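# Close look at the chain arrangement
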Amino acid sequence: MAVLAGIVSLSACGSGAADDGESAADKAQADIACAQQGRLAASGSTAQQNAMKHWMREYQRACPGVQIRYVPIGSGGGVAQFLRGATVLAGTDSALKPDEVEASRQTCPGGRAIDLPMVGGPIAIGYNVDGVDDLVLDAPTLARIFDSEITRWDAPEIQRLNPGVSLPPTPIVAVHRSDGSGTTQNFNAYLAAAAPEQWPYEAEKAWQAKGGHSAAGSDGVASQVYTTDGAIGYVELSSAAEEKLPTVKLDTGAPEPVGVSARAASAGIAAAEVGAGGGKDLTVEFDYATEAPGAYPLVQVTYEVVCDKGTPAEALPALKSFLTYTAGEEGQSHLAKMHYAPLPDALAARVRDVVASLS
């Protein structure tokens, strides 16, 4: 029952009118090359859940013959379901591992699974410390907080980064994901790259550090931080914004601490190396240790995992139509309003080219 309650279903979405009198359906229809029919089963990342809700709603208005459901069960669960053949699309915040690619050859007859970046965004560090509205932390300090080595908010390491701020002696409650999560993997990757002496853990989807509290999904982490004095947790920016959590500015070594924003995330994505996975795979590799002014380094991309060949024939037209829309100008144009980072134009064009070649 809990899984069914988490399904984002197109059949429940309503319709509405645009402000200028032209219906949203008319606008969407002009920008979406619809499949006539089809069913798409998808699951995975909670980080892209809000973007997926928007995409599905707008696509359904234009293409009522297609039914899509997306179950936000986390990146690990989404990839596992895809590899079992239960879905034709998985959302994940970390690229497939070599063993997962190899396993996908059984799922994708004549082909393999590939990673298509679709939505970007910064991982915000949300916090709840009574009386503290502006907080700066750096990677080494974050690493020690989340490894239960710094346990009070008035610790000297935190005070050094926040001169003039009255920090209370409140115990720190560090909240991490309980489920396998690409957001966890990206957070681990950031700490390992930017604070290697303080963070000895691998960039895995499962949490490895000692101590702390846990919650399921980005929404669960955000909710626990919101309701717990002294809490701190990592979530995508949209979840932090929904809970109205204050967020940490990062001291990266740049002249000024960097606040979290969609614009800073887009700049980070544009500077990343793309295509390291080979073939049609468009894996993105970030520079988590950047000190560039204004660059927020704690960035992730959510990938849509699909077969390059071997998608069931009854689902393929709808899959290609939907992903062409999400990677297109119309699909990307509203992401910043939801605190996501749109793909750079050149990368979005590469994604659309690959989608067109799926078979």
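Check the entry above for the structure.
Below, the structure is looked at part by part. This structure is a prediction, so every number in the text was calculated from the model and none was measured.

Turning our eyes to something else, we now look at the packing of helix α6 (residues 139–146) against helix α8 (residues 182–194). When two helices pack together, their arrangement is captured by the angle between the axes and the distance separating the axes. Look at α6 against α8: their axes get within 9 Å of each other, and the N-to-C directions meet at 125°. Compared by their axis directions, α6 and α8 come out oblique. In this structure, α6 crosses over α8, and the sense of that crossing is left-handed. Contacts between α6 and α8 involve A139, P140, L142, A143 and F146 from the first element and F187, Y190, L191 and A194 from the second. Residues of the contact of α6 with α8, tallied by class, amount to nine nonpolar, no polar and no charged.

A word on the state of the cysteines. Evaluated as defined, the whole model comprises two disulfides. Note that C34 is cross-linked by a disulfide to C63, the S-S spacing being 1.9 Å. Note on the C34 and C63 pair: the S-S dihedral is about -75°, so by sign convention the disulfide is left-handed. Pair noted here: C34 is in the loop between α2 (24–31) and β2 (38–44) and C63 is in the loop between α3 (49–62) and β3 (66–71), with a separation of 29 residues, a long-range link. Judged by relative accessible area, C34 falls into the partly exposed class, the value being 24%. Two residues share a disulfide in this structure: C108 and C307, whose sulfurs sit 2.0 Å from each other. Looking along the S-S bond of the C108-C307 disulfide, the torsion reads about -70°, which is the left-handed sense. With a gap of 199 residues between them, C108 in the loop between α5 (98–107) and β5 (113–128) and C307 in strand β13 (residues 299–307) connect regions that are remote in the sequence. Of the two residues examined, C108 and C307, each falls in the buried class. The connectivity of the disulfide-linked cysteines in the protein, indexed sequentially, is 1-2, 3-4.

The next subject is the packing of aromatic side chains. What the rule picks out here adds up to 11 aromatic pairs. Aromatic side chains F187 and W207 sit 6.4 Å apart centroid to centroid with 10° between the ring planes, which places their arrangement in the stacked category. A residue pair is termed long-range when its members are at least 10 positions apart, and F187 in helix α8 and W207 in the loop between α8 and β8 (213–215) qualify at 20 residues. Since its relative accessible area comes to 16%, W207 is described here as buried. Every member of this aromatic cluster is reached through a ring pair, and the members are F146, F187, W199, Y201, W207 and Y234.

What follows concerns unusual backbone geometry. A positive phi angle, close to 65°, is found at S148, a residue other than glycine. For S148, the position within the fold is in the loop between α6 and α7 (156–161). Owing to a relative accessible area of 34%, S148 belongs among the partly exposed residues under this scheme.

For T151, the location among the structural elements is in the loop between α6 and α7. Since its relative accessible area comes to 44%, T151 is described here as partly exposed. As a C-alpha pair, T151 and T252 span 101 residues in sequence and 22 Å in three-dimensional space. Non-local contacts of T151, meaning those with residues more than four positions away in its chain, are made with T170, P171 and I172.

Take α5 next. Among the residues of α5, those classed as buried are E100, V101, S104 and T107. The buried residues of α5 occupy an angular sector of 100° when the element is viewed end-on, so they sit on one face. Exposed residues pointing more than 90 degrees away from the buried face of α5 are listed as P98, D99 and Q106. Tucked into the core, α5 has its buried residues touching α4 (75–83), β5 and β13.

Each value, and the rule that gives it
- Here, residues in each chain are numbered from 1, in the same order as that chain's written sequence.
- Local features in this predicted model are restricted to residues whose pLDDT is 70 or higher, and side-chain atom pairs enter the listing and the counts only when it is 80 or higher, whereas totals over whole chains, interfaces and linings include all residues.
- The side-chain values count all of the structure's non-hydrogen atoms but skip hydrogen atoms and water molecules.
- Angular values range over 0 to 180 degrees, each being the angle between N-to-C directions of two axes fitted as lines to C-alpha atoms, with helices fitted over their stretch in contact.
- Note on conventions: DSSP H or I runs of at least 4 residues are helices, E runs of at least 2 residues are strands, and numbering of each starts at the N terminus.
- Oblique is the label for any angle not under 35 degrees, not over 145, and not in the 65 to 115 range, which are roughly parallel, roughly antiparallel and roughly perpendicular in turn.
- Working rule for handedness: look at the near helix, and if it is turned counterclockwise from the far one by less than a right angle, call the crossing left-handed; if clockwise, right-handed.
- Should any heavy atoms of two residues lie within 4.5 Å, those residues are considered in contact.
- Three categories are distinguished: nonpolar for Ala, Val, Leu, Ile, Met, Phe, Trp, Tyr, Cys and Pro, charged for Asp, Glu, Lys and Arg, and polar for the others, with Gly belonging to the last.
- In plain terms, two cysteine sulfur atoms within 2.5 Å form what is called a disulfide here.
- For the exposure calls, accessible area comes from a 1.4 Å probe over protein chains only, and a residue counts as buried if that area is under 20% of its type's maximum, exposed if over 50%, partly exposed in between.
- Note on aromatic contacts: the rings of Phe and Tyr and the six-membered ring of Trp form a pair at centre separations within 6.5 Å, being stacked when their planes are under 30 degrees apart, edge-to-face when over 60 apart, and tilted otherwise.
- Working definition: the arc comes from the directions between the helix axis and the C-beta atoms, pointing outward to the latter.

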